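Letter by letter, the chains look like this.
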Amino acid sequence: MKTLTSKATTIALAGALAAAVSVSSAQAQDWAKKAEKCYGVAKAGQNDCKAGPGTSCQGTSKVDFQGNAWMFVPKGVCEKLAGGSLEEKKA
Amino acid sequence: MPGFQPDRPMPDKTGIGLKVEHYRDVLEGRPDLGFFEVHPENYMLGGGPGLTTLEAVRSNYPLSLHGVGASLGSYDPVDPDHLTRLKALVDRFEPFVVSEHLSWSRYQDHFLADLLPLPLTTAALAAMTANVNHMQEALGRTILVENPSTYLEFSHADMTEPEFLRALVKATGCGLLLDVNNIHVCAMNHGFDPIGYLDAIPGDAVGEIHLAGHSIDRYGERDIRIDTHGAPINDDVWALYEQAIIRIGPKPTLIERDDNLPPFADLLAEAKQAEHVMASLAQGANNASVAG
Amino acid sequence: MPASPDKITLAGIQSAFADALSGRGDTALAPHIKPMPGVPTNVQLDIYRNNVHAALARSTEGLYPAVAKLVGEEFFHHMMRDYIQRFPPQHGRMVDYGHELPDFLESYPPVANLRYLADVARLELASYLAYRAPDHTPLNPAQLAGLSPQEVAALRFEFVPSLTLLASPWPVLDIYRLAMAPEGEEPPAPEMDNNPARLLILRSQDEVDMIPLPYGDFSFLMSLQTGANLEDAAAGATASQSDFDLSSTLAQAFSAGVFSTAR
């Protein structure tokens, strides 16, 4: 009995594979339609070395090396995401 | 004695540092430029569009590999892993020139992500000489070494930077990458005459010139110039560039911009301005020799 | 009595400089720095401290733009101070720096209430690793024509090197889209509860795609990735999603270039 079932299954598998092989890339676009493109030729990695250029201390990125980082709280797009935060869960 | 002899023919026009944001301008616009330059560290990758884009650029232009991670001024020897990765890129992209800095970034296992100043001592010269020789042997070619921007000097220095560079060139056969902006930044920060610096370096060793913009920070009553590569090249630096070209002749010149990136056309205009400076000074030299 | 400043070795200077840049104090280095009129030594060293921090923080921000948008640039840079202390760079390749940020965020108390943040970082890291993964030629499915049914059932697949399968209890792709949307064009904030993400991340034709998958498709690929053969992976997927369609899923996977080899 088991071998019969198994044989039916393998034939079904082979049929599914044969059908998949015969489908053209242009027809199989369900995944691609939902895809988000994040890197490409026009949008490469930005985590790069620069030629050791300095940063103006009077620029925006000056970090106070004596200050306490823990006094700062995230202030960004996260504020739009109600429900993702523990406090709001508890509330 | 002949000066620095390049391993490969040098382009006679100016170049621009290749930035990701300008890939399309370069590939589709095919700007009229002599070369592009990149940091090899940014292409030490397994594969992907970064490397294939660089290959596409390389198929149309000469390329310069300008290293920022070898730490040639370290007391420690150059990281063999770094040299292996660099050699692979040199073999693949066949740059017309490979360069690095008169600086250090590594102490034992710590990498300090900046081009740090060297004490200009005989001990530092010995370390730098050993590392430049090692790198040149590993790559099978000579390299150029660039003068950095610095924000401090050491009190126990035995020599000036031009003296140090002259001795390094003599000991290793390397060439120089003369960063005109860095000379100006250092001259203003440390109070020396930039023209005197140009007169003191071995001009025949210069294989390439860098031009860039910088920022001025104010501390109390003092200005400190910071090499940000974040602004257009200013008039002081253009004037010093003219003085450099008068002394050493036309050289492949790179426009370096890393921050506050403007449209590609703005950098192209700076490259054309550098070409104009070289052409008009060559013209002037010819007229002078005819008159004389 | 301190050593004479004139006698310090190159290694001594570099060790002292490393201390000054890593928050271990300026006292060993300061006596060897030539006075700069009008500028205290610690201010000169601050320029270098600032440069080192900016090089590492900007590069890492470039790798995780959505995380930076979520917490804000100011917080991100302060957080990077702690990250750099915990994971100081050991080489000069910024392209290989910052890869521990997802695990760091998992246990960084100031973001403990942003429980999705580490998974957003995992999504960004997987996308970047796909971008720079070794080049590959995806499996040509025509190679699989003509196999016997037994051979088909026993097929095992290798995946292309750029591929990551990422599961999260949070809607991380929607969060990513919200964070990366241009100002004024933000999509509505996603439902945060009971909205898990199952994502396929890979590079094909020089672009990196982040693809949300149905549960059955995801579990099918997960089984194949862990070494199951086609028969077992299909059985598992059907058990997890009753309308799982093997033929359609395989066609999508071939089209997306998921597989490198089959044997």
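Residues take numbers from 1 onward in each chain, read along the sequence in its written order. The order in which chains are written sets their letters, starting at A; the order in which ligands are written sets their numbers, starting at 1. pLDDT decides what is reported in this predicted model: residues at 70 or higher carry local features, side-chain atom pairs at 80 or more are listed and counted, and totals for whole chains, interfaces and linings draw on all residues regardless.

1. Description of the overall build of chain A
Turning to step 1, where the next piece is worked out: Labels follow the DSSP assignment, with helices taken as runs of H or I lasting at least four residues and strands as runs of E lasting at least two, numbered in each case from the N terminus. On a plain count of helices and strands, chain A comes out with three helices and one strand.
Turning to step 2, where the next piece is worked out: When the helices and strands of chain A are read in sequence order from the N terminus, they spell out α-α-β-α.
Turning to step 3, where the next piece is worked out: Looking at chain A as a whole, 31% of its 91 residues qualify as buried. Between the buried cut of 20 or more and the exposed cut of 12 or fewer other C-beta atoms within 10 Å of a residue's own C-beta lies the partly exposed class, and all C-beta atoms are placed from the backbone.

2. Digging into the sheet that holds strand 9 (residues 206-212) of chain B
All names here are of chain B.
Turning to step 1, where the next piece is worked out: Pairing is parallel in the closed barrel, where eight strands are placed in the order 1-2-3-4-7-8-9-12. Along the sheet, successive strands turn relative to each other by an average axial angle of 25°, direction set aside.
Turning to step 2, where the next piece is worked out: Where strand 8 (residues 175-179) meets strand 9, four bridges bridge the pair, whose relative direction is parallel. Within strand 9, the residue paired with Leu-177 across the bridge is Glu-208. Here, strands pair whenever DSSP counts at least two bridges between them. Helix axes use the C-alpha atoms of the stretch in contact, all axes being lines fitted to C-alpha atoms, and the angles between their N-to-C directions lie in the range 0 to 180 degrees.

3. Some thoughts on the sheet that holds strand 2 (residues 164-168) of chain C
Turning to step 1, where the next piece is worked out: Spatially, the four strands line up as an open sheet ordered 1(A)-4(C)-3(C)-2(C), and their pairing is antiparallel. The sheet is open, and its two borders are formed by strand 1 (36-39) of chain A together with strand 2 of chain C, each paired with just one other strand. On average, each strand axis in the sheet is tilted by 25° relative to the strand beside it, whichever way the strands run.
Turning to step 2, where the next piece is worked out: Where strand 1 of chain A and strand 4 (residues 207-212) of chain C come together, three bridges link them in antiparallel fashion. Each residue of the ladder has a partner; that of Tyr39(A), found in strand 4 of chain C, is Val208(C).
Turning to step 3, where the next piece is worked out: The sheet contacts of helix 9 (residues 215-225) of chain C involve strand 2 and strand 3 (197-204) of chain C, and relative to strand 2 of chain C the element is tilted by about 130°. We call two residues in contact when their backbone-placed C-beta atoms lie within 7 Å.

4. Notes on the UniProt feature "domain: Putative DNA-binding" (unreviewed entry) in chain C
Turning to step 1, where the next piece is worked out: The UniProt record marks residues 13-105 of chain C with the feature "domain: Putative DNA-binding" (unreviewed entry), using the residue numbering of this structure.
Turning to step 2, where the next piece is worked out: Here residues 13-105 of chain C runs as 62% helix and 0% strand, with 35 Å between its end C-alpha atoms. UniProt positions are given in the numbering used here, feature names are shortened, and annotations may be inferred rather than shown by experiment.

5. Side note on unusual backbone geometry
Residues and elements named next belong to chain C.
Turning to step 1, where the next piece is worked out: Positive phi outside glycine occurs at Asn-194, with the angle close to 50°.
Turning to step 2, where the next piece is worked out: Here Asn-194 shows up in the loop between helix 8 (172-180) and strand 3.
Turning to step 3, where the next piece is worked out: Within the chain, Asp-206 stands out as a residue other than glycine whose phi angle is a positive 65°.
Turning to step 4, where the next piece is worked out: Note on Asp-206: 15 C-beta atoms within 10 Å, which makes it partly exposed.

6. Regarding the packing of helix 9 of chain C against helix 10 (residues 230-240) of chain C
Residue and element names in this part refer to chain C.
Turning to step 1, where the next piece is worked out: Closest axis-to-axis distance for the helix 9/helix 10 pair is 8 Å, and the angle between their directions is 150°. As summarised for this structure, helix 9 and helix 10 are arranged roughly antiparallel, according to the angle between their axes. Judged by the twist between their axes, the crossing of helix 9 over helix 10 is right-handed. In this structure, helix 9 uses Tyr-215, Gly-216, Ser-219, Phe-220, Ser-223 and Leu-224 to contact helix 10, whose residues at the interface are Asp-232, Ala-233, Ala-234, Gly-236, Ala-237 and Ser-240. Roughly parallel here means an angle under 35 degrees, roughly antiparallel means over 145, roughly perpendicular means 65 to 115, and every remaining angle is called oblique. By convention the crossing between two helices is left-handed if the near helix lies anticlockwise of the far one by an angle smaller than a right angle, and right-handed if it lies clockwise.

7. Focus: the pairing of strand 4 of chain C
Residue and element names in this part refer to chain C.
Turning to step 1, where the next piece is worked out: Here six bridges tie strand 3 to strand 4, and the two strands are oriented antiparallel to one another. Bridge assignment links Leu-200 to a residue of strand 4, and that residue is Ile-211.
Turning to step 2, where the next piece is worked out: Where strand 3 hands over to strand 4, the hairpin turn is made up of two residues, of which Gln-205 adopts a positive phi near 50°.

8. Brief notes about the confidence of the model for chain C
Turning to step 1, where the next piece is worked out: Residues at a pLDDT of 70 or more form 98% of chain C, whose mean pLDDT is 94.
Turning to step 2, where the next piece is worked out: Across the whole predicted complex the pTM is 0.93, and at the interface the ipTM reaches 0.95. On a scale of 0 to 100, pLDDT captures the predictor's confidence in every residue.

9. Examining the interface of chain A and chain C
Turning to step 1, where the next piece is worked out: Taken together, the contact pairs 52 residues of chain A with 72 residues of chain C.
Turning to step 2, where the next piece is worked out: Going through the elements one at a time, helix 1 (2-22), helix 2 (30-34), strand 1 and helix 3 (86-90) of chain A are the ones with two or more residues in the side of chain A that touches chain C.
Turning to step 3, where the next piece is worked out: A per-element tally of the side of chain A that touches chain C places helix 1 of chain A first, with ten residues.
Turning to step 4, where the next piece is worked out: Its residues placed into classes, the side of chain A that touches chain C shows 29 nonpolar, 14 polar and nine charged. Throughout this entry, Asp, Glu, Lys and Arg are counted as charged residues, while Ala, Val, Leu, Ile, Met, Phe, Trp, Tyr, Cys and Pro are counted as nonpolar. The remaining residues, Gly among them, count as polar.

10. Section: the confidence of the model for chain A
Turning to step 1, where the next piece is worked out: Here chain A shows a mean pLDDT of 73. Residues at 70 or above account for 62%.
Turning to step 2, where the next piece is worked out: Predicted confidence for residues 86-91 of chain A stays below pLDDT 50, and this span has six contacts to residues more than four positions away or in other chains.

11. Focus on the pairing of strand 12 (residues 253-256) of chain B
Look at any regular strand and the pattern is simple: side chains alternate between the two faces of the sheet.
All names here are of chain B.
Turning to step 1, where the next piece is worked out: Going residue by residue along strand 12, you find Thr-253 and Ile-255 tucked away on one face and Leu-254 and Glu-256 tucked away on the opposite face as well.
Turning to step 2, where the next piece is worked out: With two bridges connecting them, strand 1 (residues 15-17) and strand 12 associate as parallel partners. Paired with Ile-16 across the two strands is Ile-255, which belongs to strand 12.
Turning to step 3, where the next piece is worked out: Sheet analysis places strand 9 next to strand 12, joined by four bridges and oriented parallel. Looking at strand 12, one finds that His-210 is bridged to Leu-254.

12. Some remarks on the nonpolar core
Turning to step 1, where the next piece is worked out: Counting residues in each nonpolar core, the largest one holds 188 residues, and the members touching the most others are Leu176(B), Leu211(B), Leu117(C) and Val120(C).
Turning to step 2, where the next piece is worked out: Per element, the largest residue contribution to this core is ten residues, and it comes from helix 6 (residues 117-131) of chain C.
Turning to step 3, where the next piece is worked out: Among residues more than four places away in sequence, those in contact with Val120(C) are Ala66(C), Val67(C), Leu70(C), Val172(C), Ile175(C) and Tyr176(C). For the purposes of this analysis, a nonpolar core is taken to be any set of buried Ala, Val, Leu, Ile, Met, Phe, Trp, Tyr and Cys residues that are connected through C-beta atoms within 7 Å.

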